[in-house]
Amino acid sequence: RQGRITPSDIRSRKGTEPVVCLTAYTTPMAQLVDQSCDLVLVGDSVGMVLHGLPSTVGVTIEMMILHGQAVARGLSHACMVVDMPFGSYEEGPAQAFRNAARIMAETGSQAVKLEGGAHMAETVRFLVQRGIPVMAHVGLTPQSVNTLGGYKVQGRGADGDRVLADAAALADAGAFAVVLEKLPAELGERITRDIPVPTIGIGAGVDCDGQVLVVDDMLGQFAGFRPKFVKRYAELGETAQQAIANYASDVRTRRFPGPEHIFTESKKA
Ligand code: KIV
Ligand code: NA
């Protein structure tokens, strides 16, 4: 496929082929995911995955901009979305616009994502009306881990109606897609059927309009936690650990550097 995928293209995918999404935080990872993905998210999960933070609450707008700039240099195909970090949009529409505009301007991202249900609809509408495409994020919203009391499945039983109402309010406010995180698969299917924009699931079942994972999780690179919804497509962490151990052993036994890695007085070698 030629040309850059836009937020409008993503929106038009409702009811057609699944939307493929992964995160990226660096230029080389952006280059790796660009052609296979429709959408690449510079997630605030970067705080936990690359910076060792205990949650996403400590992620700053400066971190998102720095990683957003790195990712932008590696993408030419996929639609790029940057997460608004905790504290950068919750005060109200004006604060959200100011920070979203800064993220868009300084990273070249095509859209932002923010967490929260119906209470964020007014902010989403304000941003979209002023030229900022917004991806919404409902269900488990990790920035609220301290009020949610952990990373639990959301929307079970009667609470499902509340999550559905959240997703519907955000779609109505103009969000071009809605991330559904950690919901019963039945609810993921119901929300997908009910709202007019694509649902992008992470732990929300196979019926969502698309799927997203943290790339380091699916590559087996992040040892932090192993949520049930992650399928490991590789074990890069184990591969790297083994390679590093082999290097250490080679240095200690003087097997490295070998003849092919050295320079000598005669130039031909
Ligand atoms: O920060 C992130 O990586 C995310 C996705 C997992 C949806 O928000
Ligand atoms: Na996030």
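Residues numbered from 1 in each chain as written. Chains lettered and ligands numbered in written order. Predicted model: local features only at pLDDT ≥ 70, side-chain atom pairs only at ≥ 80, totals over all residues. Heavy atoms only, no water.

1. Comments concerning the site of ligand 1
Phase 1: Surveying the vicinity of ligand 1 reveals the residues Thr23, Leu41, Gly43, Asp44, Ser45, Asp83, Lys113, His137, Val179, Ile202, Val212 and Val214.
Phase 2: Contact distances for ligand 1 include 2.6 Å between an oxygen atom and a side-chain N or O atom of Ser45.
Phase 3: Between ligand 1 and the protein, one listed contact pairs an oxygen atom with a side-chain N or O atom of Lys113 at 2.9 Å.
Phase 4: Relative to its unbound accessible surface of 260 Å², ligand 1 loses 94% to contact with the protein.
Phase 5: The pocket occupied by ligand 1, as judged from atoms lying within 2 Å of grid points, is the largest pocket.
Phase 6: Broken down by class, the residue content of the shell around ligand 1 amounts to five nonpolar, four polar and three charged. (Near = heavy atom within 4 Å. Polar contact = N/O pair within 3.5 Å; in protein donor to acceptor, adjacent residues only side chain to side chain. Areas by Shrake-Rupley, 256 points an atom, 1.4 Å probe, with all protein chains shown as cover. 1 Å grid on protein atoms, 1.4 Å probe; cavity = no way out; pocket = protein on both sides within 12 Å on 5 of 7 lines; lining within 4 Å. Sits in = over half its atoms within 2 Å of the grid points. Nonpolar A, V, L, I, M, F, W, Y, C, P; charged D, E, K, R; others polar.)

2. Overview of the layout of surface pockets
Phase 1: For the largest pocket, the calculated volume is near 440 Å³.
Phase 2: Around the largest pocket sit 26 residues that line it, and Ser45, Pro142, Glu181, Ile202 and Val214 are the ones nearest its centre.
Phase 3: Going through the elements one at a time, α3 (46-49), β4 (111-115) and β6 (177-181) are the ones with two or more residues in the lining of the largest pocket.
Phase 4: Among the residues forming the lining of the largest pocket, the class breakdown is 14 nonpolar, five polar and seven charged.
Phase 5: Estimates place the volume of the second largest pocket at around 330 Å³.
Phase 6: Lining the second largest pocket are 19 residues, and of these Leu22, Gln211, Val212, Leu213 and Tyr233 lie nearest its centre.
Phase 7: Sorting the residues of the lining of the second largest pocket by element identifies β1 (19-23), α2 (27-33), β7 (199-202) and β8 (210-213) as the ones contributing at least two each.
Phase 8: Of the residues contributing to the lining of the second largest pocket, the split by class is 13 nonpolar, five polar and one charged. (Points joined across faces, edges and corners; volume = space filled by probe spheres on them. Helix = DSSP H or I, 4+ residues; strand = E, 2+ residues; numbered from the N terminus.)

3. So, the sheet that holds β8
Phase 1: The parallel closed barrel is built from eight strands, whose spatial order is β1-β2-β3-β4-β5-β6-β7-β8. Strand-to-strand twist in this sheet, taken as the mean axis angle between neighbours without regard to direction, amounts to 25°.
Phase 2: Note that strand β2 (residues 39-42) and strand β3 (residues 79-83) share four bridges and pair parallel. Its bridge partner lying in β3, Leu39 is registered against Cys79.
Phase 3: Sitting on the sheet, helix α4 (residues 61-72) touches β2 and β3, and the angle it makes with β3 is about 170°.
Phase 4: Against the sheet, helix α6 (residues 121-129) engages β4 and β5 (134-139), with an angle of about 175° to β4. (Pairing = 2+ DSSP bridges. Axes fitted to C-alpha atoms, helices over the stretch in contact; angles between N-to-C directions. Contact = heavy atoms within 4.5 Å.)

4. Considering the domain arrangement of the chain
Phase 1: With domains assigned, the chain is organised as domain 1 (7-234) and domain 2 (236-269).
Phase 2: A separation of 41 Å is found between the C-alpha centroids of domain 1 and domain 2. (Domains from an automatic or database assignment.)

5. Thoughts on the pattern of salt bridges
Phase 1: A full pass over the atoms with the stated rule returns 13 salt bridges.
Phase 2: Across the salt bridge formed by Lys113 and Asp83, the nearest N and O atoms sit 2.8 Å from each other. Within this pair, whereas Lys113 is found in strand β4, its partner Asp83 is found in strand β3, the two being separated by 30 residues in sequence. Asp83 carries the same exposure label as Lys113, and that label is buried.
Phase 3: Note that Glu235 is salt-bridged to Arg232, the shortest N-O span being 3.3 Å.
Phase 4: When its relative accessible area of 22% is taken as the criterion, Arg232 is described as partly exposed. (Salt bridge = Lys/Arg side-chain N within 4 Å of Asp/Glu carboxyl O. Buried < 20%, exposed > 50% of the residue type's maximum accessible area, 1.4 Å probe, protein only.)

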